[in-house]
Amino acid sequence: MAKYTLPDLPYAYDALQPYISKEIMTLHHKNHHQTYVTNLNAAEANLASLAGDDIKEKLKLQAALRFNGGGHINHSLFWKNLAPAQSPAARLAAGPLKDAINRDFGSLEAMIKEVNGATAALQGSGWGWLGLNTKSKKLEVVTTPNQDPLLSHAVIIGIDIWEHAYYLDYKNVKVNYLDAIWHVMNFQEAEARYKAAL
Ligand SMILES: [Fe+2]
């Protein structure tokens with residue numbers, strides 16, 4: 001039996017339009033995320049059934065585990081950190097997260113600029129993050145390559161900057177995707193993560 005399963009989206013496939021199309025959301029969730037889940041289950045099963053001491057084979061399976069496990073974790077976080085643009089969740093309300101953003105970046109606009117700048121500058125595929133440094137309790141901007149999950153910080157917001165996340169809507173113009181995504185950011189979820197991480 002499969003250990004990991006594809007989580008349902010918390011909204012309809014067309015709920016993030018016009019910022020992210022129904023076509024992207026459908027392919028991204030049903031195909032891309034499902035593939036990470038399928039390959040994660042396969043890697044775990046193969047690792048568990050691996051007989052003997054073939055270290056090379058183990059390393060290969062561990063690499064598959066890291067990639068697909070990261071893909072599953074990252075996308076599960078990503079769906080929940082988005083919300084329809086008209087919903088109250090998509091507004092940064094007064095509260096502890098807003099206070100922390102103002103403290104650490106000066107303003108919401110400055111924070112978005114920093115996240116977008118670092119994320120756009122990432123070479124190849126990966127993720128841009130707003131994370132909480134759990135030691136200093138400060139919000140920081142971080143990126144990770146490929147499907148590496150964010151382990152150094154607690155995730156507040158994650159942005160998928162793989163081409164599959166934006167190409168159908170924005171072609172090669174990454175910055176337009178990065179500007180658009182903030183219209184469908186779930187700040188309610190971000191604040192819940194912030195409070196939980198403190
Ligand atoms: Fe993705």
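Parameters and conventions
- Residues numbered from 1 in each chain as written.
- Predicted model: local features only at pLDDT ≥ 70, side-chain atom pairs only at ≥ 80, totals over all residues.
- Heavy atoms only, no water.
- UniProt positions renumbered as here; feature names shortened; annotations may be inferred.
- Helix = DSSP H or I, 4+ residues; strand = E, 2+ residues; numbered from the N terminus.
- Buried < 20%, exposed > 50% of the residue type's maximum accessible area, 1.4 Å probe, protein only.
- Contact = heavy atoms within 4.5 Å.
- Lys, Arg positive; Asp, Glu negative; His and termini not counted.
- Charge placed at Lys NZ, Arg CZ, Asp CG, Glu CD.
- Donors = N, O, S within 2.8 Å, 3.2 Å for Na, K, Ca; no water.
- Tetrahedral: all angles 85-135°; square planar, octahedral: opposite > 155°, others 65-115°.
- Pairing = 2+ DSSP bridges.
- Phe/Tyr/Trp six-rings, centres within 6.5 Å; stacked < 30°, edge-to-face > 60°.

By the naming in an unreviewed UniProt entry, the protein is Superoxide dismutase, taken from Calocera viscosa. In its Function (unreviewed entry) section, UniProt records this for the protein: "Destroys radicals which are normally produced within the cells and which are toxic to biological systems." As stated in UniProt under Sequence similarities (unreviewed entry), the record for the protein gives "Belongs to the iron/manganese superoxide dismutase family."

K.L.:
Help me understand the overall build of the protein in this model?
P.N.:
When helices and strands are tallied, the protein shows seven helices and three strands. Traced from its N-terminal end to its C-terminal end, the protein shows the element sequence α-α-α-α-β-β-β-α-α-α. Overall, the C-alpha framework of the protein stretches about 55 × 40 × 30 Å when taken along its three principal axes. When each of the 198 residues of the protein is scored for burial, the buried share is 44%. For the protein, the proportion of contacts with a sequence separation of at least 24, taken over those separated by at least 6, is 68%. Charge separation in the protein, taken as the distance between the mean sites of 19 positive and 19 negative side-chain charges, equals 3 Å.

K.L.:
Is there a simple way to explain the coordination of the iron ion in this structure?
P.N.:
Tetrahedral metal sites with four donors have an ideal angle of 109.5 degrees; octahedral sites with six donors have ideal angles of 90 or 180 degrees. Within the protein, the iron ion binds to H28 (NE2), H75 (NE2), D160 (OD) and H164 (NE2); these donor distances fall in the range 1.9 to 2.1 Å. What the four donor atoms of the iron ion show is an angle range of 90 to 136° at the metal, which sorts the shape as irregular. Counting the intervening residues between successive donors of the iron ion yields the motif H-x46-H-x84-D-x3-H. Of this pair, H75 sits in helix α2 (residues 55–80) while H164 sits in the loop between β3 (154–160) and α5 (167–170), and the two are 89 residues apart along the sequence. Residue H75 is classed as buried on the basis of its relative accessible area, which comes to 0%.

K.L.:
How should the pairing of strand β1 (residues 126–133) be read in this particular structure?
P.N.:
Every other side chain in a regular strand lies on the same face of the sheet, so the side chains alternate between the two faces. Most of β1 is tucked away: eight of the eight residues are buried. Along β1, one buried face is formed by G126, G128, L130 and L132 and the opposite face, lined by W127, W129, G131 and N133, is buried too. As consecutive antiparallel partners, β1 and strand β2 (residues 138–145) are separated by four residues, and within that stretch K137 has a phi angle of approximately 65°, a positive value. Direction of pairing for β1 relative to β3: antiparallel, over a ladder of six bridges. Bridged to L132 within β3 is A154.

K.L.:
Help me understand the UniProt feature "domain: Manganese/iron superoxide dismutase C-terminal" (unreviewed entry) in the protein, please; the structure alone is not making it clear to me.
P.N.:
The sites that carry the UniProt feature "domain: Manganese/iron superoxide dismutase C-terminal" (unreviewed entry) are, in the present numbering, residues 95–193. Secondary structure over residues 95–193 splits into 43% helix and 23% strand, and the C-alpha atoms at its two ends are 13 Å apart.

K.L.:
Help me understand the packing of aromatic side chains, please; the structure alone is not making it clear to me.
P.N.:
A ring pair, where both rings are aromatic, is described by two values, the distance of the centres and the angle of the planes. By the definition in use, this model includes eight aromatic pairs. Summarising the aromatic geometry, the rings of W127 and W129 are spaced 5.5 Å apart at their centres and angled 15° between planes, so their arrangement reads as stacked. W129 shares its class with W127; the two are buried. Their ring planes at 50° and their centres at 6.2 Å tell us that Y170 and Y177 sit as a pair that is tilted. What makes Y177 buried here is its relative accessible area of 1%. Among the aromatic residues, ring-to-ring pairing joins F78, W79, W127 and W129 into one connected group.

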